[in-house]
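Given next are the chains, with one letter for each unit.
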Amino acid sequence: MPAIRPGATGAVISGWGTALPEKVISNDELAATMDTSDEWIRTRTGIHERRVGGSTAGLSVESGRQALEMAGLTPDRIDVLVLATTTPDKQWGTASLVQHELGLSCGAIEVNAACSGFMYGLVQAHGMIAMGADRALVIGTDTLSRITDWDDRGTAPLFADGSGAVVLEAVDGPGQLLAWDLDADGSLLPILWADVGGTIKMEGKEVFRRAVRLMVDSAEKAMTQAGITADDVSLVVPHQANIRIIQAACDRLGIPIERAATVLHRTGNTSSASIPLALADALDAGRVQHGDLVLLVGFGGGMTAGSCVLRWGGGVE
Ligand code: ACO
C-alpha cells in the first residue's frame, strides 16, 4: 500500500453539505407492495426508511453548494470537481453539468467505484492537491432507486438516493490525511453487479460475508500505515449498507459501535453518498474535535474497498 510522500502538500476539509430527496418511503409502505415487513427490514438491516427521487446532478448541486458556502468560497476558487457516482444521469457529462450549475470554472470528473466511490474520490482529490491544486470539491451522489428492482424484496429495501459533499483545501504543513488504502477484487463482481441499463443483482449473504472482511482488511491496512491502533480512533465512518455489517466490522476491528457514525436508519444505502452523509451528520452533531482521528471505510460492488485515516484539522500530534 503506498505511503504519502514526506513533504507532499496536504489538505483539510473546510466545508461540507448534504442533500436528500423529499420523498420518504417507510418500511411499512414497502411492505404494502411486496412480501416483507417493517420488523424484518429493521432487524436484518437497521433501515427504518429511505429517501428517493431527484437526479444525480440535482442532488450534487445542492450538497456542493452547501459545502462551498460553509467553506466561505466563491465558485471560482475551486480547482477541481470530483463527483463519485455509480448512477450518472447520462453516459457522460454529469460532473460537467454540476460544474456548470455551481458556476465552477475548473475540470470535472466522475469516479465510479460503486459504494467505495467517495473513498476513491477523496484520495484522488488529495492527490490532485499534492500536485498543485489549491482547492477541490468532492461530491458523492447516487440515485440507486433508478437501478433498483422494486419488485425484488431481496434488494428493494436496501437502496436509496442522496448526496454528500466536502471542500478540501491545501494547507501549509501536515494535512489531515495520514494514510489511505484502496482495494479491488474483480473475482467478486458476480456477487454484486448491475448490467448497463439493468438493475442491481446481489447474492446478499455472500456480499455480507465479503463486505465485513474487505472493510476490516482495508481499515487495518490504513491504520497500520498511519501508525495508529483501533483504540486511537475517535470516530469511524463506515459505508452505510447494513447495521449488522457495521457491527461485525467494528467488532473485528475492536472499535466500539458507539464510535461509529450511522445514518442508514433514515437514508438506506445511498452508495457513494453514504460516507459523506454519515460524516456530515457526525460533524453537525459536534462528534469530532480538532486533532481527533477519524477512520473512513467503505466497500462496494466490483468488489471494491477503501479507507482513509484523517487527523481532523490536520497538523502534527
Ligand atoms: N422481507 C422478508 N423476508 C425476506 C426479505 C425481505 N425483504 N428478503 C429476503 N427474505 C427472506 C429470504 O427469502 C429468506 O427466506 P427463506 O429462509 O425462507 O429462504 C430469509 O428472509 C433469509 O434471507 P437471507 O438472505 O438469508 O437474509 P439475511 O439475513 O442474509 O439478510 C440481507 C439479507 C439484508 C440482504 C443481507 O444479506 C445483507 O445486508 N447483505 C449485504 C447487502 C449489501 O450490503 N449490499 C450492498 C453492497 S454496496 C454496493 O456496492 C451496492
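Heads up: these notes are all about the structure in this document.

## Looking at the overall build of the protein chain
- Scanning the protein chain for helices and strands turns up 9 helices and 13 strands.
- Here the C-alpha atoms of the protein chain give a radius of gyration of 18 Å, agreeing with the 20 Å that 2.2 N^0.38 yields for 317 residues.
- A principal-axis box enclosing the C-alpha atoms of the protein chain has dimensions of 55 × 45 × 40 Å.
- Sequence-distant contacts in the protein chain: of pairs separated by 6 or more residues, those separated by 24 or more amount to 77%.
- Where the 24 positive side-chain charges of the protein chain centre and where its 38 negative ones centre are 4 Å apart.

## With respect to helix H6 (residues 204-226)
- The end-to-end C-alpha distance of H6, which contains 23 residues, comes to 32 Å, matching closely the 33 Å that a straight helix rising 1.5 Å per residue would cover.
- Every buried residue of H6 is accounted for by Val207, Ala211, Val212, Leu214, Met215, Val216, Ser218, Ala219, Ala222, Met223 and Ala226.

## Some points on the packing of helix H3 (residues 56-71) against helix H4 (residues 94-102)
- Running from amino to carboxyl end, H3 crosses H4 at an angle of 45°, the nearest separation of the two axes being 9 Å. It follows from the interaxial angle that H3 and H4 lie oblique. Remark: the crossing between H3 and H4 carries right-handed chirality. Across the interface between the two elements, Thr56, Ala57, Ser60, Val61, Gly64 and Arg65 from H3 touch Thr94, Leu97, Val98, Glu101 and Leu102 from H4.

## Observations concerning the sheet that holds strand E11 (residues 233-238)
- Strand order in the open sheet made by the 4 strands is E8-E13-E12-E11, with mixed pairing throughout. Because the sheet does not close on itself, it has two edges, and the strands there are strand E8 (177-184) and E11. Pairwise comparison of adjacent strand axes, ignoring direction, gives a mean angle of 10° for this sheet.
- One ladder, built from 5 bridges, connects E11 with strand E12 (residues 293-300); its direction is parallel. The partner of valine 233 across the bridge, within E12, is leucine 293.

## With respect to the site of the ligand
- Around the ligand, the structure places 25 residues, and the nearest of them are Thr36, Arg44, Cys115, Asn242 and Gly301.
- The side chain of arginine 44 places a nitrogen or oxygen atom 2.7 Å from an oxygen atom of the ligand.
- The separation between an oxygen atom of the ligand and a polar side-chain atom of asparagine 242 is 2.6 Å.
- According to the grid-proximity analysis, the pocket containing the ligand is the largest pocket.
- Among the elements of the structure, helix H2 (38-45), H6, helix H7 (243-253) and E12 are those that each provide at least two residues to the shell around the ligand.
- Class assignment of the residues belonging to the shell around the ligand gives a composition of 12 nonpolar, 8 polar and 5 charged.

## A look at empty space enclosed by the protein
- One pass over the full model with this rule turns up 1 cavity of 30 Å³ or more.
- Roughly 30 Å³ of volume is contained in the largest cavity.
- Around the largest cavity, the lining residues are Met215, Val236, Pro238, Ile246, Ala249, Cys250, Leu253 and Val297.
- Broken down by secondary-structure element, the contributors of at least two residues to the lining of the largest cavity are E11 and H7.
- The greatest single-element share of the lining of the largest cavity, amounting to 4 residues, is contributed by H7.
- Residue composition of the lining of the largest cavity, by class: 8 nonpolar, no polar and no charged.

## Quick word on the pairing of strand E6 (residues 135-143)
- Most of E6 is tucked away: 9 of the 9 residues are buried.
- Of the two faces of E6, the one lined by Arg135, Leu137, Ile139, Thr141 and Thr143 and the one lined by Ala136, Val138, Gly140 and Asp142 are each fully buried.
- Bridge count for E6 against strand E7 (residues 161-171) is 9 bridges, and the pairing is antiparallel. When the sheet's bridge partners are listed, valine 138 is paired in E7 with valine 166.

Here is what the cut-offs are and how they apply
Residues numbered from 1 in each chain as written. Predicted model: local features only at pLDDT ≥ 70, side-chain atom pairs only at ≥ 80, totals over all residues. Heavy atoms only, no water. Helix = DSSP H or I, 4+ residues; strand = E, 2+ residues; numbered from the N terminus. Rg over C-alpha atoms; globule rule 2.2 N^0.38 Å. Contact = heavy atoms within 4.5 Å. Lys, Arg positive; Asp, Glu negative; His and termini not counted. Charge placed at Lys NZ, Arg CZ, Asp CG, Glu CD. Expected span 1.5 Å × (residues − 1). Buried < 20%, exposed > 50% of the residue type's maximum accessible area, 1.4 Å probe, protein only. Axes fitted to C-alpha atoms, helices over the stretch in contact; angles between N-to-C directions. Parallel < 35°, antiparallel > 145°, perpendicular 65-115°, else oblique. Left-handed = near helix turned anticlockwise from the far one by under 90°. Pairing = 2+ DSSP bridges. Near = heavy atom within 4 Å. Polar contact = N/O pair within 3.5 Å; in protein donor to acceptor, adjacent residues only side chain to side chain. 1 Å grid on protein atoms, 1.4 Å probe; cavity = no way out; pocket = protein on both sides within 12 Å on 5 of 7 lines; lining within 4 Å. Sits in = over half its atoms within 2 Å of the grid points. Nonpolar A, V, L, I, M, F, W, Y, C, P; charged D, E, K, R; others polar. Points joined across faces, edges and corners; volume = space filled by probe spheres on them.

Spatial relationships are all this shows, so hold off on functional conclusions.
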